[in-house]
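Tertiary structure, described
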Amino acid sequence: GNSVTQMEGPVTLSEEAFLTINCTYTATGYPSLFWYVQYPGEGLQLLLKATKADDKGSNKGFEATYRKETTSFHLEKGSVQVSDSAVYFCALREGYSTLTFGKGTMLLVSP
Amino acid sequence: DAGVIQSPRHEVTEMGQEVTLRCKPISGHDYLFWYRQTMMRGLELLIYFNNNVPIDDSGMPEDRFSAKMPNASFSTLKIQPSEPRDSAVYFCASSSLWDGDSGNTIYFGEGSWLTVV
């Protein structure tokens, strides 16, 4: 079956630090890959996505590249802000089935 | 364009009471999903519908849970009777087969935060 593994948190950074949150996946076919973000007390928001190998998704300064050879979709941001503090979920979807989520990584950014 | 709309946002109820959570998907979307989020188990799929028909309900915990989608713009998730272990955030989400480049993106509502005491 499909699965997503992402690094355990919390990840604690100072403002303007570089962020990487690792995500690897196992899938039987050719999934689309997603990062969702959940701010405290809120729902899940789509952050970025990539639908095929070597695609790069980007949004709000965050980037992730679909790497089929390493089955990875690591999330990066060059300079984090306090407002980026949230829980980040990596997920995959094959076709039009449901999403398979990782366990989530909490990011805490201090001023 | 309005997103996925859920109600109530927050509910506190007593054990044994019936709870009804409501969802309005994004207009034109033909897939609707119900997820539950807890600290212990993370995000779990409960059930999903395609064109108002339940496709996979294997995640529904037990007979106390039921979900319906009487039409394309409305779905309910009922818990009867509720128990403290049902306390969680319940998310509704939707997607469209025909949404061009975003066709396989699933959009989430803000969630219904349920506490059963």
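What comes next concerns the included structure. Small disclaimer: the values here were computed from a predicted structure and weren't measured.

Parameters and conventions
All residue numbers refer to position in the chain's written sequence, counted from 1. Chain labels run from A onward and ligand labels from 1 onward, assigned in the order the entries are written. Where local features are concerned, this predicted model is filtered to residues with pLDDT of at least 70; where side-chain atom pairs are given and counted, the filter is 80 or more; whole-chain, interface and lining totals use all residues. The side-chain values count all of the structure's non-hydrogen atoms but skip hydrogen atoms and water molecules. A run of H or I in DSSP counts as a helix once it spans at least four residues, and a run of E counts as a strand once it spans at least two, with each numbered from the N terminus. Throughout, the radius of gyration refers to the C-alpha atoms, and the reference size of a globule is 2.2 Å times the residue count to the power 0.38. Salt bridges are defined as contacts in which a side-chain nitrogen from Lys or Arg sits within 4 Å of a carboxyl oxygen from Asp or Glu. In this scheme, a residue with accessible area under 20% of its type's maximum is buried, one over 50% is exposed, and one in between is partly exposed, where area comes from a 1.4 Å probe on protein chains only. Under this definition, polar contacts are N or O atom pairs within 3.5 Å; protein pairs additionally need one hydrogen-donor-capable and one acceptor-capable atom, and for neighbouring residues in sequence, both atoms have to be side-chain atoms. We call two residues contacting when some pair of their heavy atoms lies within 4.5 Å. In this description, strands pair whenever DSSP reports at least two bridges between them. Angular values range over 0 to 180 degrees, each being the angle between N-to-C directions of two axes fitted as lines to C-alpha atoms, with helices fitted over their stretch in contact. Put simply, buried area is the surface a 1.4 Å probe can reach on two separate parts but cannot reach once they are joined, added for both. Residues are grouped as follows: Ala, Val, Leu, Ile, Met, Phe, Trp, Tyr, Cys and Pro are nonpolar; Asp, Glu, Lys and Arg are charged; every other residue, Gly included, is polar.

**Describing the overall build of chain A**
Counting secondary structure elements, chain A contains 0 helices and 12 strands. Taken from the N to the C terminus, the helices and strands of chain A come in the order β-β-β-β-β-β-β-β-β-β-β-β. The C-alpha radius of gyration of chain A comes to 13 Å, within 12% of the 13 Å expected for a compact globule of 111 residues. For chain A, the spread of C-alpha atoms along the principal axes amounts to about 40 × 25 × 20 Å.

**Examining the pattern of salt bridges**
Residue and element names in this part refer to chain B. Overall, the coordinates contain 10 salt bridges over all chains when judged by the stated rule. One salt bridge connects Arg 64 with Asp 86, and the closest N-O pair in it is separated by 2.6 Å. With Arg 64 in the loop between strand E6 (53-56) and strand E7 (65-71) and Asp 86 in the loop between strand E8 (74-79) and strand E9 (88-95), this residue pair connects regions lying 22 residues apart in the sequence. Looking at Arg 64, the relative accessible area reads 10%, which means it is buried. Arg 85 is paired through a salt bridge with Glu 83; the nearest N and O atoms lie 2.6 Å apart. For Arg 85, a relative accessible area of 55% puts it in the exposed group. Counted as one network, the salt bridges with shared partners bring together Glu 62, Arg 64, Glu 83, Arg 85 and Asp 86.

**As for the side chain of B:Thr105**
Tracing the backbone through its elements, the reader meets B:Thr105 in the loop between E9 and strand E10 (107-108). Engagement of the side chain of B:Thr105 in a polar contact is seen with the side chain of A:Lys49, the distance being 2.8 Å. Those residues in contact with B:Thr105 that sit more than four places away from it in its chain are A:Phe34, A:Tyr36, A:Leu46, A:Lys49, A:Arg93, B:Ser94 and B:Ser95.

**Observations concerning the sheet that holds strand E8 (residues 62-65) of chain A**
Residue and element names in this part refer to chain A. Reading across from one edge, E3-E9-E8-E7 is the order of the 4 strands in this open sheet, with antiparallel pairing throughout. Each edge of the open sheet carries a strand with a single partner, namely strand E3 (19-21) and strand E7 (56-59). Each strand of the sheet is rotated relative to its neighbour by a mean of 15°, with strand direction disregarded.

**Looking at the sheet that holds strand E3 (residues 19-24) of chain B**
Residue and element names in this part refer to chain B. The strand order across the open sheet built from 4 strands is E1-E3-E8-E7, with neighbouring strands paired in antiparallel fashion. Bordering the open sheet on either side are strand E1 (5-7) and E7, each of which pairs with just one other strand. Between one strand and the next, the sheet's axes are offset by a mean angle of 15°, whatever the strand orientation. As paired strands, E3 and E8 are joined by 5 bridges and run antiparallel to one another. When the bridges of E8 are listed, Thr 20 appears paired with Lys 78.

**Examining unusual backbone geometry**
Residue A:Pro10 follows A:Gly9 across a cis peptide bond; omega there is -5°. Note that A:Pro10 resides in the loop between strand E1 (3-6) and strand E2 (11-14). The peptide bond linking B:Gln80 to B:Pro81 adopts the cis configuration, its omega dihedral lying at -10°. Among the structural elements, B:Pro81 can be located in the loop between E8 and E9.

**Section: the interface of chain A and chain B**
Contacts between the two partners involve 19 residues from chain A, matched on the other side by 21 residues from chain B. For the chain A and chain B pair, buried surface summed over both sides reaches about 1,700 Å², with 56% attributable to carbon and sulfur atoms. The largest share of the area that chain A buries against chain B comes from A:Leu44, A:Arg93 and A:Tyr96, three residues that together contribute 33% of it. Remark: the boundary between chain A and chain B carries 0 salt bridges. Connecting chain A to chain B are 6 residue pairs in polar contact (both at pLDDT 80 or more). For the side of chain A that touches chain B, the secondary structure elements donating two or more residues are strand E5 (32-38), strand E6 (44-50), strand E10 (86-93) and strand E11 (99-101) of chain A. Among the elements that make up the side of chain A that touches chain B, the one with the highest residue count is E5(A) (4 residues). The residue makeup of the side of chain A that touches chain B, split by class, is 8 nonpolar, 8 polar and 3 charged.

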